[in-house]
Amino acid sequence: MTTRTLPALIDAVLTGERRAIARAISEIERGGAQAGALCAALAPHLGRAHVVGLTGPPGAGKSTLVNALLGALVGQGSRVGVVAVDPSSPISGGALLGDRVRMGEHGEHPDVFVRSIASRGHLGGLSRTTRGIVDLLDAAGHDIVLVETVGAGQSEVEIAELADTCIVACPPGLGDEVQAIKAGILEIADLLVVTKGDLPAARSTARDLRHMTHLRRAPADGGWQTPVLAVTATSGNGIAALVEKIGAHATAVGRGRRLRTASDDAKPLRLAAEHEATPASYFGIETGASSAGASLRVRETHLDDAGACARSVIYALADAAASDAVRSAGAGASAVVDAHIAYLNAAREGDVLVAKAGEASRTAGGDAVWRVEVATEGGRPIATLASTVRFEAAPRR
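Residues numbered from 1 in each chain as written. Predicted model: local features only at pLDDT ≥ 70, side-chain atom pairs only at ≥ 80, totals over all residues. Heavy atoms only, no water.

## Comments concerning the overall build of the protein
- Helix and strand content of the protein: 12 helices and 13 strands.
- Within the protein, the fraction of its 397 residues that count as buried is 50%.
- Within the protein, counting contacts between residues at least 6 apart in sequence, those at least 24 apart form 73% of the total.
- Accessible surface for the protein amounts to roughly 17,600 Å². Of this, 51% is attributable to carbon and sulfur atoms. (Helix = DSSP H or I, 4+ residues; strand = E, 2+ residues; numbered from the N terminus. Buried < 20%, exposed > 50% of the residue type's maximum accessible area, 1.4 Å probe, protein only. Contact = heavy atoms within 4.5 Å. Areas by Shrake-Rupley, 256 points an atom, 1.4 Å probe, with all protein chains shown as cover.)

Shown next, in the form of structure tokens:
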């Protein structure tokens, strides 16, 4: 592309011409001065599109969910752009196109534009060009831009700075009662979606997430409270309700998050602060009263559908005991880098649970492994938690 053809390309993009959009995206991916000039020229035309990010762990069903959303949104008359960030091919460095395959049903619709791009080693679940491509699709007149991240882990939350509405897809049965409490991608969710809702574990996963939603961050602008929805994308069950919630979130908090400056009062991430509710305070867990570490009397509000104490509550108790023990060790700020819990027996209403924590070992890198035993007052074992903690300062020995 030469400078002389740049105005013509921009005009074609602004009219929504598909070939021009594809060519302009390729220019953005190549980078350089022409890409910068293109993005600068499109800047005055931004702010129309509602940017919806979809993230979650590998195998959560994000691409299948995007395909189902495409069908519903196009059916409402929306023009939809999709940016699907794929892992990079180890051979060519390009996108593997696994996401694109699952969007074949609606990907060729004239009101849908899908582009797969390679992450090329960029951390955070996106690529270095994702924002520029989203801006281009916005300027080209798309009503909604869906951005699907690479399968993301706990720390890959860059999508929260880009999307107006952030959907976190949570597959059932992958330990989400743990993820719901620890810092991670669940904290950025505007909508929590339990995928594969026809599986037996989906109901319990949704319940655990609902227990924890108000603990993860302060309410967003407009007082938005994060809902939990179960969907089965292959059959379409729950998709209409999800589309409705996406629209409701846009109404509540607006659009253009990525266009805000760093000095704006409304920040993209509003994670829970120390003075806000914690899992311990929410569930009524007591800490520091004795050498036990933490204790809890199981109440009706703690029970799951089977009448047993919910796993999310048991984990919160174990985590509170570990946190109290770490603080007592006299170290500086610390971070949990890994945690594994084994559930041994059910606890019922009226049981008093006691969690005792202590340092079990030290890794070669200096991280401390803390072990927590959760049992009833009578000594019946309920769960065991192993938590690996990284300290900024060495704890007292």
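## Some points on helix α3 (residues 33-42)
- Considered for burial, the residues of α3 that qualify are Ala35, Leu38 and Leu42. The buried residues of α3 occupy one face: seen down the axis, they fall within an arc of 60°. Turned more than 90 degrees away from the buried face of α3 sit Ala33 and Ala40, all of them exposed.
- Contacts made by the buried residues of α3 are with α1 (6-14), α2 (18-30) and α7 (130-139). (Arc of directions from axis to C-beta.)

## What to know about the sheet that holds strand β3 (residues 112-118)
- The parallel open sheet is built from 7 strands, whose spatial order is β3-β2-β4-β1-β5-β6-β7. In this open sheet, the two strands that pair with only one neighbour each are β3 and β7 (228-230). Put simply, the sheet's adjacent strands are angled 20° from each other on average, direction ignored.
- Sheet topology note: the strand β1 (residues 50-55)/strand β5 (residues 165-170) ladder contains 4 bridges and is parallel. Across the sheet, the residue bridging to Gly53 is Cys166, located in β5.
- Of the strands in this sheet, β1, β2 (80-86), β3, β4 (144-148), β5 and β6 (191-194) are in contact with helix α4 (residues 62-75), which crosses β4 at around 170°. (Pairing = 2+ DSSP bridges. Axes fitted to C-alpha atoms, helices over the stretch in contact; angles between N-to-C directions.)

## Quick word on the nonpolar core
- In this structure, Val13, Leu38, Val83, Leu136, Val145, Val147 and Leu192 are the most contacted members of the largest nonpolar core, which totals 43 residues.
- Excluding anything up to four places from it in sequence, Val83 contacts Arg115, Ile117, Thr130, Ile133, Val134, Leu137, Val145, Leu146, Val147 and Glu148.
- Among the nonpolar cores identified, the runner-up in size contains 29 residues, and Ile314, Leu317, Ala339 and Tyr343 belong to it. (Core = buried A, V, L, I, M, F, W, Y, C linked by side-chain atoms within 4.5 Å.)

## Notes on α2
- Spanning 13 residues, α2 covers 19 Å between terminal C-alpha atoms, matching the ideal 18 Å at 1.5 Å per step.
- Turning to α2, its buried residues number three or more, namely Ala20, Ile21, Ala24, Ile25, Glu27, Ile28 and Glu29. (Expected span 1.5 Å × (residues − 1).)

## Details of the confidence of the model for the protein
- Considering every residue of the protein, the mean pLDDT works out to 78; 73% of them sit at 70 or more.
- For the protein, helix α5 (residues 98-102) is the element with the lowest average pLDDT, namely 48, and β4 is the one with the highest, namely 95.
- The low-confidence segment residues 88-100, where pLDDT is below 50, has 32 contacts with residues more than four positions distant or belonging to other chains.
- With pLDDT under 50 throughout, residues 261-277 is counted as low confidence; its partners more than four residues away or in other chains account for 23 contacts. (pLDDT = per-residue confidence, 0-100.)

## Here's the deal with the pairing of strand β9 (residues 294-297)
- Every second residue of β9 is oriented toward a common face, the buried set being Ala294 and Leu296 and the non-buried set Ser295 and Arg297.
- Bridge count for strand β8 (residues 286-287) against β9 is 2 bridges, and the pairing is antiparallel. Paired with Glu286 across the strands is Ser295, a residue of β9.
- Pairing geometry for β9 and strand β11 (residues 352-362), over 4 bridges, is antiparallel. Its bridge partner being in β11, Arg297 is matched across the sheet by Val352.

## Notes on the side chain of Thr195
- For Thr195, the location among the structural elements is in the loop between β6 and α9 (202-216).
- The class for Thr195 is buried, based on a relative accessible area of 4%.
- Once residues within four sequence positions are removed from consideration, Thr195 is found in contact with Ala60, Ala169, Cys170, Pro171, Pro172 and Val231.

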